[in-house]
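# What the coordinates show
The primary structure of each chain is shown beneath.
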Amino acid sequence: MPFAITQSCCSDASCVEVCPVDCIHPTPGEPDFGTTDILYVDPRSCIDCGACADACPASAIKPIEILRGGEAVFAELNAAYYEQRPEREVAKQQTHARVRPGVPTGLRIAVVGTGPAATYTARELLAATDGQVSFLDRLPVPGGLLRAGVAPDHPETKRVQDTFGWTYDHPRARMYMNVEVGTHVTHEELMQHHDAVVYGIGAPEDRRLGVDGEDLPGVHGSTETVAWYNGDPDVAADAIAVPDGRVFVVGNGNVALDVARILLSDPERLAGTEIADLALDALRGADVREVVLLGRRGPEHAAFTRPELLTLPDGIELCVEDDPMTAAALEAAAPGTNAALLADRRRVRSDWTVEPAPGRRLVLAFDRRVTAAHGSGALASVTVAGPDGEVEAPTRLLVSSIGRRGRAVPGLPFDAERGLIPNEDGRVVDPAAGRPVPGAYVVGWAKRGSHGGIGANRISAGETVDALLADAAEGRLSTPPASTRAFVRLLQKRQPRLVRGAGVRAIERREVDAGMAAGRPRVKLTTVEDLLAASR
């Protein structure tokens, strides 16, 4: 019985490397790698060896015979990917770095960030050189987007973090946590102690809606909202007030679906996950009956991926807001598209000026946008423009999920318009000077913008590491004048509450032990003070 890849696929491509019959595609190097919703197993070629399932960091690969409920559809999705593709031999490419001739020994490289892009970069560097990697993160705990950005009811995706433990604990890796570049140490000081610095700091800020009233309490970005229910210490426990009734979300990508699903889910379903206790208590105390996802274009442009839509939990009714434009687009939808997935869903004509009916309903409304938010001291309503004109709809929570942008690093150039660090193949470039910044590199969303998932970050890391090692081999990196010991002394002086590797492991033990006692994967510590206390 062949295997199938399911919803939690992170496109890490570890499965591709171990498959003995080359039946998992697209592979790194094929044109559609990084563009598909998930990777796919060819049921015509799969020999049921299970090597891919053992290698999968997200537990996404399962025998077709055990797929049940919402997962059963993935047997069809995997097979459908190959219907128009003849069986063929495709040369597999190594997705890990290879030691380059001429690369100097004893490199010292700082990696700023501990999310997927940063950790993949460190992993490639440790595998490709005999050098030392210094991790720096402004929080006391590693994980980045895996910890604060993946929905708590996607535990398989969060398990990718487990595979990073090897990197954090590597004998040539050093952890310097609770350290912020620009506050405790400068880029120039990092360069004094390292041959190169790689920034994998993500895209931590929400893009603004650009409408009146968006600064009212009750209007939030999806980054803040997701971080809140994930227990990110940067977000206050009372940051999000969950209301009764109706919530509007601007956007219809996977993150928007995540927000809607968490708000509409039975809190007891979430109680066994890593959701922050503060968020779980807020959801238990509220009665969200309807979440409306507003897309500014038609259903043919919907940004969600099929796995996210197809695995909505039981008890949430998925509807489509009906109007002539949407109806025409659904009727003309090509098979296999997102619009085709919605064609047979119930269509509704909502009156957003009145309270929603009992139940739990997710409504996809297309060709609509928020033009203003209203309220005296807090959000009370939003104006929504659509095919039928404008309507002012009462609500006390509006979440904007229209993308993220990066944040400038003091001492480095920044492209404010695109919200990223300007670069060429990962080499940081100073546009004013028209040349690379020596020894400075970037990876992940800070490099390319906030698109692409975990697997795309692995490819991004490989490209950046290739550039760094090429520069090292060709003598473009300067030898740092100061030692590792001097770097540790500098950090201890600037940040007395520095957290090292032992402290990171102590935090992990505290959260996992608390989770075991509560029947959950972990119970997160959600303040810096609690994390620091656990680290000691």
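Up top you'll find the structure we're talking about.
With that out of the way, let us pick up the sheet that holds strand β10 (residues 219-221). Spatially, seven strands are ordered β10-β19-β11-β12-β15-β13-β14 in an open sheet, and the strand pairing comes out parallel. Each edge of the open sheet carries a strand with a single partner, namely β10 and β14 (346-348). For this sheet, the mean angle separating the axes of adjacent strands, direction not counted, is 25°. Packing against the sheet, helix α9 (residues 222-229) makes contact with β10 and β19 (398-400), and its axis sits at approximately 85° to β10.

Right, let's talk about the nonpolar core for a bit. Among the nonpolar cores identified, the biggest contains 60 residues, and I5, I24, L39, L125, V160 and L468 are the most heavily contacted of them. The greatest single-element share of this core, amounting to seven residues, is contributed by helix α4 (residues 116-128). Excluding anything up to four places from it in sequence, L468 contacts I109, L125, A196, V198, Y441 and L477. Within the second largest apolar cluster, 43 residues are counted, among which are L264, I275, L293 and L312.

A full pass over the atoms with the stated rule returns six aromatic pairs. Ring centres of Y81 and Y82 lie 5.0 Å apart, and the angle between their planes is 85°; on these two criteria the pair is classed as edge-to-face. Of the two residues examined, Y81 and Y82, each falls in the buried class. Centre to centre, the rings of Y176 and F487 are 5.3 Å apart; their planes meet at 90°, and the pair counts as edge-to-face.

The next subject is the layout of surface pockets. The volume enclosed by the second largest pocket comes to roughly 490 Å³. Along its surface, the second largest pocket is lined by 20 residues, and Q161, D162, E508, V512 and R522 are the ones closest to its centre. Of all the secondary-structure elements, those providing two or more residues to the lining of the second largest pocket are α5 (145-148), α6 (155-158), α7 (160-168) and α19 (501-518). The class makeup of the residues in the lining of the second largest pocket is eight nonpolar, two polar and ten charged.

Rules behind the numbers
Residues numbered from 1 in each chain as written. Predicted model: local features only at pLDDT ≥ 70, side-chain atom pairs only at ≥ 80, totals over all residues. Heavy atoms only, no water. Pairing = 2+ DSSP bridges. Helix = DSSP H or I, 4+ residues; strand = E, 2+ residues; numbered from the N terminus. Axes fitted to C-alpha atoms, helices over the stretch in contact; angles between N-to-C directions. Contact = heavy atoms within 4.5 Å. Core = buried A, V, L, I, M, F, W, Y, C linked by side-chain atoms within 4.5 Å. Buried < 20%, exposed > 50% of the residue type's maximum accessible area, 1.4 Å probe, protein only. Phe/Tyr/Trp six-rings, centres within 6.5 Å; stacked < 30°, edge-to-face > 60°. 1 Å grid on protein atoms, 1.4 Å probe; cavity = no way out; pocket = protein on both sides within 12 Å on 5 of 7 lines; lining within 4 Å. Points joined across faces, edges and corners; volume = space filled by probe spheres on them. Nonpolar A, V, L, I, M, F, W, Y, C, P; charged D, E, K, R; others polar.

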